[in-house]
Each structure stands twice: as structure tokens, then as C-alpha cells.
Amino acid sequence: MRILLVDDEKEFVSTLAERLSLRDIEADWVTSAREAEQIIDTRHYDLVVLDVKMPHMGGRQLRQILEKKQPGIKTIYVTGHGSEEDYKAGSAEAAYYLMKPININDLIDKIKTALAT
Amino acid sequence: MSICIDPLGDAGLTFFSKISASITHEIKNSLAVMNESAGYLEDVTLMARKGIPLDPDRLAALASTMLKQVQRSNAILKNMNRLAHSLDEDSRQTDLNELVELMAHLSERTVVTKGFRLAVTVPDQPPAVFTHPFFLQNLIWLMVNFVMTVCGENKNIMMEPAKTRTGAEIRFSGLDRLTDESVLDFLAQTGGMMLDALNAACHPAANQGRITISLPDDIRQPAISQQKQ
């Protein structure tokens, strides 16, 4: 499986990718929606983990673009923002909606479950 | 049963809750970085026990990241604390350089998330007025949210406090899409009420892409709009 992580917190997303790779999960990472749009044109991903709130374009808008580029791609949202509105909308759109800080084992479980459906 | 809510109090609570939500989001981001760094240390410790050598440079980088995030969280909490204490007294002598810079920090996440950039220029000699700091912070926050709707294509907003003959002013520029109608809309909402509470006045200059808030030297003086400029 190949995962793309998108979050504007570089140290968060790069370390998370490193930790996933230690668990034999291949994960690329980028820090903006624009970079995500570019990289998805060059590689296939099974699942994207998107930060809901990012500068210029948030994860919910980005998901729509990525879904058009790679129909059927699975999405997991992560966020530090806990508004009920975002949670309801995000839960309806993505496979899972996780709050930061996240537990890596929980994330891996969600990734596996999302990809199994 | 109807609930009577004081409009200024309601505006203040809305402001405080929005800032609190933004701050907790920032802190959660910082905690998430620390969580991954600590998790990575745990991972490499387990690997070291199995005989895989540790990389001292990577460990030093992790320590640096964690220290940086502690400083980041501390700065966020200091700003939140300053905002909370701005209600300790109704009105007091207020350094506008400090207040404007505080509001720029507190608004940063909201501004950046919407794709804007808010720059602050402060004079060497800080302008000070006797005012209600919480209402002024609330007004600046309302202004920041308003000016993002009338900002130019480059999405750069400038905020500058300055001393004036009758008190002080805070100028917002870079507002290429500012119109008199947009200002009237703003004033018809909470912005106008907050200006009244501060005895302040709003001076739009749509052709120059600028809007200025004039503050009296002392909030207890007659409103600036009634004074001869």
C-alpha cells in the first residue's frame, strides 16, 4: 500500500511518515495542497491522510480534487480543530476523522480498515 | 422563555471563543509534533534494544524539534494569558504597539488559513491611549476579519498603529477592493457598536485602499466623530 500524508506542520508530517516506514508502510508527505495536487499526478496512492485546516486550501477542498484525479482514493482526515460542524461534515466525507495528537497504532488500524472496504 | 443578551457582551464572548478555538488548534498542532517526536524516540529505543545503532544527529534534531515546540506552545499560552487579563480593568492606559502585535499573533492562524498575510509595522515610540483594551482587541479582530473580505489580489494586509494629535489611530492598508458600501455594511454590524463603545471613529479611504480607526486619547472624552478633526 502507498499512503500520502498532507499537513502544513512539516515536523509532524515528516516524523509520522518516518514512523510509518518503520512499520513497513510506505508513506510520502507534502506540506501543502498544491504539492499534493502535483505529486498525485505522478504517483498512485491508495489512501491520503489530510489535515483539515491548511493555509490556502484545506483538506476537505483538497479531497474533492484528489478524488477527481484518482477516483476511489480513500481519505482519512486529521485535525487539531474540533468544531462540531467540521467533525460532522468530515466524518460524512472521509473514511475516518482523527483528532491530533494521534495515536499511530490507531491510525494504522484505520488505514487498514479503510483500505479493506 | 426569551433570553436577554447584552450585544457588546455577546460580541465579546464570540470574539473570546473564536480566539480560544484558534489557540487550542495551535496548541494541538504543537502537541501533535511533540507526540510524533516522542513516538519516534520510543521507536528507535526499541530498535536500539534489538541492536540497531542510534543515529545521534537524528536524536539531536528530535530534541531540537521538541524544544522548539515547547517554546511555541509557551508563546501561544502567554498570548492567551495576556488576552484573558485584558479584562482585569475596564479601561487603562494601553500601549498600542503591544496590543496590535498581540492581535496579529492571535489572528495569525485564521489569517494564514484563509491564504492572507498580515504584516504589522509599529513606530519606535509606542502610541498609548486610555481605553478599554478588550473592546479594542475585539474591534481589531473584527477589522481583521472585515479587511480580508476587501483585500487586494496579493492578499497582503498591513496594520500600523500611530500617534495622532487627538489620540492614536490604527491603519489597515492593502485593501484594493474596499468600497464605501462595504464599510457601511461593516459598521451596521458589530463593528459599529464596538467603535461606539470605544468612542472611536472609522475613516475609510477607498481610493487608497485604506481604512483608519481613530481612538481618543481618553475613552471618557466625547466621541471622536463629534470632535473637530
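No experiment lies behind these values; they were computed from the predicted model shown.

Engineer: For this particular structure, what's the right way to read the sheet that holds strand 5 (residues 96–99) of chain A?
Structural biologist: Two modes of strand pairing occur in sheets, parallel and antiparallel, and in both the strands are linked by backbone hydrogen bonds. Residue and element names in this part refer to chain A. In spatial order, the strands read 2-1-3-4-5; together these 5 strands make up an open sheet with parallel pairing. Of all strands in the sheet, those with a lone pairing partner are strand 2 (26–30) and strand 5, marking the two edges. Here the strands of the sheet are splayed against their neighbours by 20° on average, with no regard to which way each runs. Here strand 3 (residues 47–51) runs beside strand 4 (residues 74–79); their pairing, made up of 5 bridges, is parallel. Across the sheet, residue Asp51 finds its bridge partner in strand 4, namely Val78. Where helix 1 (residues 10–22) meets the sheet, its contacts fall on strand 1 (2–6) and strand 2, and the angle it forms with strand 2 comes to roughly 170°.

Engineer: Would you mind going over the interface of chain A and chain B with me for this structure?
Structural biologist: How big an interface is tends to be stated in terms of accessible area lost as the parts join. Tallying the contact residues gives 22 residues for chain A and 22 residues for chain B. If you sort the residues of chain A by the area they bury against chain B, Glu9, Glu11 and Arg19 of chain A come out on top, with a joint share of 27%. Put simply, Glu36 of chain B and Arg19 of chain A hold a salt bridge, and the shortest N to O gap is 3.0 Å. Our count for the contact surface shared by chain A and chain B stands at 15 residue pairs in polar contact (both at pLDDT 80 or more). With 7 residues, helix 1 of chain A is the single largest residue contributor to the side of chain A that touches chain B. For the side of chain A that touches chain B, a count of residues per class yields 8 nonpolar, 5 polar and 9 charged.

Engineer: Is there a simple way to think about unusual backbone geometry in this case?
Structural biologist: The omega torsion across Lys100 of chain A and Pro101 of chain A is -10°, close enough to zero to call that bond cis. Note on placement: Pro101 of chain A falls in the loop between strand 5 and helix 5 (104–116). In this structure, Asn199 of chain B is a non-glycine residue whose phi angle is positive, near 55°. Residue placement: Asn199 of chain B occurs in the loop between helix 6 (190–197) and strand 6 (201–205). On the basis of relative accessibility, which here comes to 18%, the residue Asn199 of chain B falls in the buried class.

Engineer: Just to check I follow, could you spell out the nonpolar core for this structure?
Structural biologist: A general feature of soluble globular proteins is that nonpolar side chains tend to end up buried together. Membership of the largest hydrophobic core comes to 52 residues, with the highest contact counts inside it found for Leu136, Ile140, Phe172, Ile211 and Ile213 of chain B. Broken down by element, the residue count for this core peaks at 11 residues, all from helix 4 (residues 133–147) of chain B. Residue contributions to this core reach at least three from each of two domains, namely domain 1 (7–85) and domain 2 (92–226) of chain B. Every residue in contact with Leu136 of chain B, bar those within four places of it in the chain, is listed here: Leu96, Leu99, Thr131, Ile170, Leu198 and Leu215 of chain B. With 22 residues, the next largest nonpolar core counts Ala17, Leu107, Ile108 and Ile111 of chain A among its residues.

Engineer: How do you make sense of helix 5 (residues 180–188) of chain B when you look at a structure like this?
Structural biologist: For an α-helix, 3.6 residues make a turn, and residues three or four places apart therefore share a direction. Residues and elements named next belong to chain B. Among the residues making up helix 5, those that are buried are Ser182, Val183 and Phe186. Along the long axis of helix 5, the arc covered by the buried residues comes to 100°, so they all point the same way. Exposed residues on helix 5 whose side chains face more than 90 degrees from its buried face are Glu181, Leu184 and Ala188.

What counts and how
Residues numbered from 1 in each chain as written. Chains lettered and ligands numbered in written order. Predicted model: local features only at pLDDT ≥ 70, side-chain atom pairs only at ≥ 80, totals over all residues. Heavy atoms only, no water. Pairing = 2+ DSSP bridges. Helix = DSSP H or I, 4+ residues; strand = E, 2+ residues; numbered from the N terminus. Axes fitted to C-alpha atoms, helices over the stretch in contact; angles between N-to-C directions. Contact = heavy atoms within 4.5 Å. Buried area = accessible area lost by both parts, 1.4 Å probe. Salt bridge = Lys/Arg side-chain N within 4 Å of Asp/Glu carboxyl O. Polar contact = N/O pair within 3.5 Å; in protein donor to acceptor, adjacent residues only side chain to side chain. Nonpolar A, V, L, I, M, F, W, Y, C, P; charged D, E, K, R; others polar. Buried < 20%, exposed > 50% of the residue type's maximum accessible area, 1.4 Å probe, protein only. Core = buried A, V, L, I, M, F, W, Y, C linked by side-chain atoms within 4.5 Å. Domains from an automatic or database assignment. Arc of directions from axis to C-beta.

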